[in-house]
Amino acid sequence: MVEMDKLCELLPLERIEELNKSLTDCDVAKGREVFLKWVKELNEKLEKDKEELFNLSLKSSVTCSSNSNSKQWSMADVQLLIKAVNLFPAGTNQRDRKSVV
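Every chain's residues receive numbers from 1 upward, in the order its sequence appears when written. The model is predicted, so local features are restricted to residues of pLDDT at least 70 and side-chain atom pairs to those at 80 or more, both for listing and for counting; the totals for chains, interfaces and linings are taken over all residues. In computing side-chain properties, one takes all heavy atoms of the structure into account and sets aside hydrogens as well as water.

K.L.:
Teacher, can you tell me more about the overall build of the protein chain here?
P.N.:
Helix and strand counts for the protein chain come out as five helices and zero strands. Looking at the 101 residues of the protein chain, the share that counts as buried comes to 11%. Numbered from the N terminus, helices here are DSSP runs of H or I no shorter than four residues, and strands are runs of E no shorter than two. Each residue is assigned to one of three classes by its accessible area relative to the maximum for its type, calculated with a 1.4 Å probe on protein chains only: buried under 20%, partly exposed between the two thresholds, exposed over 50%.

K.L.:
Explanation requested: the pattern of salt bridges in the structure shown.
P.N.:
Once their charged atoms are close, side chains differing in charge can pair, the charge on each being opposite to the other. We define a salt bridge as a side-chain nitrogen of Lys or Arg found within 4 Å of a carboxyl oxygen belonging to Asp or Glu. The full count for this structure, using the stated rule, is six salt bridges. When the shortest N-O distance is used, the salt bridge between Lys6 and Glu3 registers 3.6 Å. Of this pair, Lys6 and Glu3 both sit in helix H1 (residues 2–10), separated by three residues, roughly a single helical turn. For Lys6, a relative accessible area of 23% translates into the label partly exposed. The partner of Lys21 in a salt bridge is Asp25, with the nearest N and O atoms 3.1 Å apart. A relative accessible area of 54% places Lys21 in the exposed class. Here the salt bridges share partners, and the residues they tie into one network are Arg15, Glu18 and Glu41.

K.L.:
Please explain the nonpolar core as it appears in this structure.
P.N.:
What tends to happen in soluble globular proteins is that the nonpolar side chains get buried as a cluster. Residues enter a nonpolar core if they are buried and are Ala, Val, Leu, Ile, Met, Phe, Trp, Tyr or Cys, with the set joined through side-chain atoms within 4.5 Å. By size, the foremost hydrophobic cluster in this structure holds seven residues: Leu7, Leu11, Leu19, Val34, Trp38, Val39 and Leu42. Looking at this core element by element, the count peaks at four residues for helix H3 (residues 28–64). Here, two residues are considered to be in contact whenever any of their heavy atoms come within 4.5 Å of each other. With near-sequence residues (within four places) excluded, Leu11 lies in contact with Ile16, Trp38 and Leu42.

K.L.:
In this structure, what is going on with a nonpolar patch on the surface? I would like to understand it.
P.N.:
Residues Trp73, Leu81 and Val85 make up a contiguous nonpolar surface patch of about 290 Å² in total accessible area. Relative to the elements of secondary structure, Val85 occurs in helix H4 (residues 75–87). Relative accessible area serves as the criterion here: at 44%, Val85 is assigned to the partly exposed category. Within this analysis, patches are made of residues with over 30% relative accessible area and no salt bridge. Like charges are joined at 9 Å or less; nonpolar side chains (Val, Leu, Ile, Met, Phe, Trp, Tyr) at 5 Å or less. Residue exposure ignores everything except the shown protein chains as possible cover, and the areas themselves are Shrake-Rupley values with a 1.4 Å probe.

K.L.:
What is the right way to look at the environment of Gln72 in this model?
P.N.:
By the secondary structure assignment, Gln72 is in the loop between H3 and H4. Since its relative accessible area comes to 34%, Gln72 is described here as partly exposed.

K.L.:
Can you help me understand the confidence of the model for the protein chain in this one?
P.N.:
Interpretation of this model should avoid reading the predicted coordinates in detail wherever pLDDT is low. For every residue, the predictor reports its confidence as pLDDT, a number between 0 and 100. Scored by pLDDT, the protein chain has a mean of 80; 78% of the residues are at 70 or more. Looking at the elements of the protein chain, mean pLDDT is at its lowest for helix H5 (residues 94–100), recorded as 55, and at its highest for helix H2 (residues 13–24), recorded as 90.

The structure is reproduced here in structure tokens:
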């Protein structure tokens, strides 16, 4: 259901209509394969977009801090940071963080 919501929110109307037509033209087993194919394509596109944004942010940070000797963050570091922010969202006070850990 989460994947269906993602498809509905991120795809334009024409693509949703195309997906709907392809799902109604086939049986249940084939429909599952078609749906999973669309989900996979969307996830790959989102991952590609994230990579492009990450690379653009690296380029801009390199130009802004070219005089600095700071180490650039790897993709794994950025993913770890995202997980930490999701685990401890903004506004979580120190006492709550200790109880979560």
